[in-house]
Amino acid sequence: MKAIVMNEFGGSDVLRYIDCPKPTISEGEVLIRTSFTSVNYADIKNRSGNKAKANFPMILGLDVAGVIEEVFGNNSAFQEGDQVIAFPKSGAYAEYVIAKEQLVFKVPSNVPFEKVAAVPTVSFLSYILTHQIAPISQHDAVLIHAASGGVGTMLIQMARKLGAKQIIGTVSNLEKATIVEQLGADHVLIYDQFSNHVNKLTDGRGVDIVFDSIAGAITEESLACLAPYGTLVQFGNSGGRAGNIKTSDLHSSCRNIKGFSLGTTRASKPEMLQQVAQDIFTLLKEDSFQVPIAKVFSLEEMQKAHDFMESRQHQGKILIKYKKVRKR
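Quick caveat: nothing in here was measured; it's all calculated off a predicted structure.

1. A short note on the sheet that holds strand 11 (residues 207-212)
Stage number 1. Taken in spatial order, the six strands make up an open sheet running 10-9-8-11-12-13, and their pairing is parallel. Sheet topology places strand 10 (187-190) and strand 13 (256-259) at the edges, where each strand pairs with a single neighbour. The average undirected angle you get between the axes of adjacent strands in this sheet is 20°.
Stage number 2. Where strand 9 (residues 166-171) lies against strand 10, four bridges are found, and the strand directions are parallel. Residue pairing for strand 10: valine 171 is matched across the bridge by isoleucine 190.
Stage number 3. Helix 6 (residues 194-201) contacts strand 8 (141-144), strand 9, strand 10 and strand 11 of the sheet and is inclined by roughly 155° relative to strand 10.

Here it is, written out as structure tokens:
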């Protein structure tokens, strides 16, 4: 099979398009013939060495959409030919991948396959954030950082569907504002002094929920516009620096900070994903729920896909479409 393999950390040029042995499955696993995968910012961090442990050769990628090629034994919940999305156990940038059955989800026939293919990671993450970690109510003002990215575009739509009173998105430049507004944000800000603008938009009260995937100075400034009893959800570190929080900023204002990692949840509590999968499919079959695609690349163009993500010019998801794999 063809795969994208790296043998060292570094820039996008460490990603090599090569021939690899087709993997073999064990009990509780399925083999998937990949149709699509998506590029997530975690892939960039893993490639550069900011997140992954050195375990070379390495195949990156968090999620796939494809077709069941093989199951193990006679008691599998899946059968050959099922269309699925999955979180593979050893990377997604390959024509065939292995996934544990707990992390495989059959796609209903009434859900557009390419639509769901773009969003396994960001849809599960956004749903859990908005429904379980910091449930949004109709009285809430919500601030969403990196609002034009894959997670951000999902969070905006989920906040709107849940009836948030006010939705504010931040972006790196206002060229990205249009898509954020189209998806349902009431206001779009750039990061420069965003807390001052948020406080003005909320009549000095601040927002009830902040969704923050950037960390660093963005996390620190977010506390300056978080309302009493509000919740800041920290679920990423795309800025590359940890934010510093003072305990004195929390107890007297009754505010709280929650953390969440989809990677940790996949490893430790996969049953959480099974519980929400059907709700996600129900959302995705609605025409009104959009999945913006920034650009589609082929597997052999993975270096270009990574460069495009690192340019921070994309709006929506970066999708990798595989050529149809011939059975042998």
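2. Considerations on helix 3 (residues 120-133)
For an α-helix, 3.6 residues make a turn, and residues three or four places apart therefore share a direction.
Stage number 1. An ideal rise of 1.5 Å per residue puts 20 Å on 14 residues; helix 3 measures up with 18 Å between its terminal C-alpha atoms.
Stage number 2. Here helix 3 lies mainly inside the structure; 12 of its 14 residues are buried.
Stage number 3. Those residues of helix 3 that fall on the buried side of the exposure criterion are Pro120, Thr121, Val122, Ser123, Phe124, Leu125, Ser126, Tyr127, Ile128, Leu129, Thr130 and Ile133.

3. With respect to the packing of helix 1 (residues 41-48) against helix 10 (residues 302-310)
Between two packed helices, what matters for the description is the angle formed by their axes and the separation of those axes.
Stage number 1. The interhelical angle for the contact between helix 1 and helix 10, taken along N-to-C directions, is 105°, at an axis separation of 10 Å. Considering the angle they form, helix 1 stands roughly perpendicular to helix 10. From helix 1, Tyr41, Asp43, Ile44 and Arg47 reach across to helix 10, where they touch His306, Met309 and Glu310.
Stage number 2. Looking at the contact of helix 1 with helix 10, its residues break down into three nonpolar, one polar and three charged.

4. Focus on the side chain of asparagine 199
Stage number 1. Mapping asparagine 199 onto the fold places it in helix 6.
Stage number 2. Classification of asparagine 199 as buried rests on a relative accessible area of 18%.
Stage number 3. Beyond its immediate chain neighbours, meaning those up to four positions away, asparagine 199 contacts Gly204, Arg205, Gly206, Ala224 and Cys225.

5. Some thoughts on the nonpolar core
Stage number 1. Grouped together as the largest cluster of nonpolar side chains are 57 residues, with contacts concentrated most on Phe124, Leu129 and Phe211.
Stage number 2. Contributing elements (two or more residues each) for this core: helix 2 (113-117), helix 3, strand 8, helix 4 (150-161), strand 9, helix 5 (177-183), strand 11 and helix 9 (271-284).
Stage number 3. Counting 20 residues, the second largest nonpolar core, distinct from the first, contains Leu31, Ile32, Ala92 and Ile98.

6. Points about the pattern of salt bridges
Stage number 1. Within this structure, the stated rule accounts for 11 salt bridges.
Stage number 2. Of the charged contacts in the structure, one is a salt bridge between glutamate 29 and lysine 89, with a shortest N-O distance of 2.6 Å. Residue glutamate 29 is located in strand 3 (residues 29-39), and its partner lysine 89 is located in the loop between strand 5 (83-86) and strand 6 (96-100); the two are separated by 60 residues in the primary sequence.
Stage number 3. Taking relative accessible area as the criterion, lysine 89 reaches 45% and is therefore assigned partly exposed.
Stage number 4. Arginine 241 is paired through a salt bridge with glutamate 220; the nearest N and O atoms lie 3.5 Å apart. Of this pair, arginine 241 sits in the loop between strand 12 (226-234) and strand 13 while glutamate 220 is found in helix 7 (residues 217-222), placing the two residues 21 residues apart along the sequence.
Stage number 5. Residue class for arginine 241 comes out partly exposed when judged on its relative accessible area of 39%.

7. Notes on the packing of helix 3 against helix 4
Stage number 1. Interhelical geometry of helix 3 versus helix 4 gives an angle of 45° and a closest axis separation of 9 Å. Relative to helix 4, the element helix 3 lies oblique. For the pair helix 3 and helix 4, the crossing hand works out as right-handed. Contact with helix 3, carried on its side by Val122, Ser123, Leu125, Ser126, Tyr127, Leu129, Thr130 and His131, involves Gly150, Val151, Met154, Leu155 and Met158 of helix 4 and no other residues of that element.

Conventions we followed
- Residues numbered from 1 in each chain as written.
- Predicted model: local features only at pLDDT ≥ 70, side-chain atom pairs only at ≥ 80, totals over all residues.
- Heavy atoms only, no water.
- Pairing = 2+ DSSP bridges.
- Helix = DSSP H or I, 4+ residues; strand = E, 2+ residues; numbered from the N terminus.
- Axes fitted to C-alpha atoms, helices over the stretch in contact; angles between N-to-C directions.
- Contact = heavy atoms within 4.5 Å.
- Expected span 1.5 Å × (residues − 1).
- Buried < 20%, exposed > 50% of the residue type's maximum accessible area, 1.4 Å probe, protein only.
- Parallel < 35°, antiparallel > 145°, perpendicular 65-115°, else oblique.
- Nonpolar A, V, L, I, M, F, W, Y, C, P; charged D, E, K, R; others polar.
- Core = buried A, V, L, I, M, F, W, Y, C linked by side-chain atoms within 4.5 Å.
- Salt bridge = Lys/Arg side-chain N within 4 Å of Asp/Glu carboxyl O.
- Left-handed = near helix turned anticlockwise from the far one by under 90°.

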